[in-house]
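For reference, the chains in residue letters:
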Amino acid sequence: QNDAPNTIISSSVKVPQPKLTKSADVCKRWSTDPVGNPLLSADFKVRKRLIHPGEVSRLRCPKEGMVLTLSDTTNIFWWMMDKQPHRSRESMKGKPSVPDLTLVGHAERAEYALKCSVSQNNVVVASGGQDRHVLLWSIRDADLGSTRPVGSTRSLENHTKLVGHEKSIGDVSFNRSRPNELCSVGDDGLLLFWDTREKTLVEKVKAQEGEVISVDWSPHDEKKILTCGNDVIHLWDRRKMDAPSRVYTGHVGNVNVVQWNPMVLGIFGSCAADRQLIVWNSESSTSLFRHRGHVNGEVVDFEWCSDPVDPWLISSVSYDSSEAGGSTVQIWRMLDFIYRDRTEVVEELEFFARHH
């Protein structure tokens, strides 16, 4: 409802398995409302609920049990979910939950640009804001093992500030092969490349006229980078940055997020204000699949499953919940016949026809 507090909800979900699920269970609806709601299911369980200090504009999970959030503030909030007290429905009108760590440094609001570089013993956080600065924090610099007073949070200042954008920053992305390399995009239409170790600007590219909203560096090929702005997606080749190597059109509204599939080479997705999430093969300018399940609101974010057992599974979120007036999360995967080898699919269908 409109008077409900802003929340973070950690849940466990039993996702229907491909080809092992009854037709009646292929599509299920869940709700976080525990009182007399027919949408509740044994396959969906709320594990932890927190009251967030302000609207959540971006959420990232660098490791299991760790959550980073952005809001309409200058701060980034770090939550250790196993240490946070659960907020029951009865306590939802109380004060907001207190983050385990607050990353400080931005002079103006930082609402959308947030990425992490994860190593065995550290998490480096990068963020950009309306102050036109890209800031970095190293979580190992924070003494997370020490006891903090009840109701208070620790603060961690950025160790790096990168200055080069002329307007607000929309997104950042690390090079997974070389974690000291970072790129950023903004409302100035620029795509900037940084050496975070030397704290220097390496290259400046005019990606397009108008704002660039999202950027993602390929986890499989460090030469490939995706950007998006307006209703267009650009693929860039790091070796030749004078023009995009490929352009993808198919959305009819502003593209909000573009993201490579971390498990499948050459596959990426994009979500937009046109209420669609499109899956693309980067080697073709045509779409592979269009998800139109978010019928009442724009798709504002999504995430690929990072488990190699289910690499085509996607969770997507939109502002379209008619039950609660908030957001709706959908967890889905496309039919494997769409992306598998045609000959293999035909053989499987013929085998099914002969034995059924």
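Whatever comes next refers back to the structure up there.
Residues numbered from 1 in each chain as written. Predicted model: local features only at pLDDT ≥ 70, side-chain atom pairs only at ≥ 80, totals over all residues. Heavy atoms only, no water.

J.: Before we move on, can you summarise the nonpolar core with the specific residues and values?
T.: Of all hydrophobic cores here, the largest spans 16 residues; its most connected members are W78, L103, V125 and I139. Breaking this core down by element, the ones donating at least two residues are β4 (66-70), β5 (76-80), β6 (101-104), β8 (123-128) and β9 (133-138). Among the nonpolar cores identified, the runner-up in size contains 13 residues, and C271, F302, I314 and M334 belong to it. (Core = buried A, V, L, I, M, F, W, Y, C linked by side-chain atoms within 4.5 Å. Buried < 20%, exposed > 50% of the residue type's maximum accessible area, 1.4 Å probe, protein only. Helix = DSSP H or I, 4+ residues; strand = E, 2+ residues; numbered from the N terminus.)

J.: Which residues make up the environment of G269, and what values go with them?
T.: Secondary-structure assignment places G269 in strand β21 (residues 267-272). On the basis of relative accessible area, G269 is assigned to the buried category, the value being 0%. Put simply, G269 and F289 are 20 residues apart on the chain and 9.4 Å apart in space, counted from C-alpha to C-alpha. When neighbours within four sequence positions are excluded, G269 is seen to be in contact with V257, V258, Q259, I278, V279, W280, F302 and W304. (Contact = heavy atoms within 4.5 Å.)

J.: Give me the lowdown on the sheet that holds β5, citing residues and values where you can.
T.: Across the sheet, which stays open at both edges, the five strands sit in the order β3-β4-β5-β6-β10 with mixed pairing between neighbours. One side of each edge strand has no neighbouring strand; the edge strands of this open sheet are β3 (58-60) and β10 (154-157). The average angle at which neighbouring strand axes cross in this sheet is 25°, direction not considered. In the sheet, β5 pairs with β6 via three bridges, with the strands oriented antiparallel. Across the sheet, residue I76 finds its bridge partner in β6, namely L103. (Pairing = 2+ DSSP bridges. Axes fitted to C-alpha atoms, helices over the stretch in contact; angles between N-to-C directions.)

J.: How would you summarise the sheet that holds strand β22 (residues 277-281) if you had to cite specific residues and measurements?
T.: Strand order in this open sheet of four strands is β20-β21-β22-β23, and the pairing throughout is antiparallel. Each edge of the open sheet carries a strand with a single partner, namely β20 (255-260) and β23 (287-291). Geometrically, the sheet is characterised by an average inter-axis angle of 20° between neighbouring strands, direction not taken into account. When β22 meets β23, the two strands line up antiparallel, connected through four bridges. Bridge assignment links W280 to a residue of β23, and that residue is S287.

J.: Give me the lowdown on the packing of aromatic side chains, citing residues and values where you can.
T.: Following the criterion strictly, the structure yields 10 aromatic pairs and no others. Relative to W217, the ring of F193 has its centre 5.6 Å away and its plane inclined at 85°; by these criteria the two rings are edge-to-face. Of this pair, F193 sits in strand β14 (residues 190-195) while W217 sits in strand β16 (residues 214-217), and the two are 24 residues apart along the sequence. Grouping residues by exposure puts F193 and W217 together as buried. (Phe/Tyr/Trp six-rings, centres within 6.5 Å; stacked < 30°, edge-to-face > 60°.)

J.: For the pattern of salt bridges, give the residues involved together with the corresponding values.
T.: For side chains bearing opposite charge, pairing can occur when the charged atoms are close. Per the counting criterion, the structure on display carries 14 salt bridges. Residue D171 pairs with K115 through a salt bridge whose shortest N-O separation is 3.5 Å. Taken as a pair, D171 in strand β12 (residues 169-174) and K115 in strand β7 (residues 113-118) lie far apart in primary sequence, 56 residues in all. Judged by relative accessible area, K115 falls into the buried class, the value being 17%. Of the charged contacts, one joins R178 and E222 as a salt bridge, the two residues approaching to 2.8 Å between their closest N and O atoms. Taken together, the residues span a long stretch of sequence, with R178 in the loop between β12 and β13 (181-186) and E222 in the loop between β16 and β17 (224-229) at a distance of 44 residues. You can call R178 partly exposed: its relative accessible area is 42%. Through salt bridges with shared partners, one network takes in D336, R340, E344 and E348. (Salt bridge = Lys/Arg side-chain N within 4 Å of Asp/Glu carboxyl O.)

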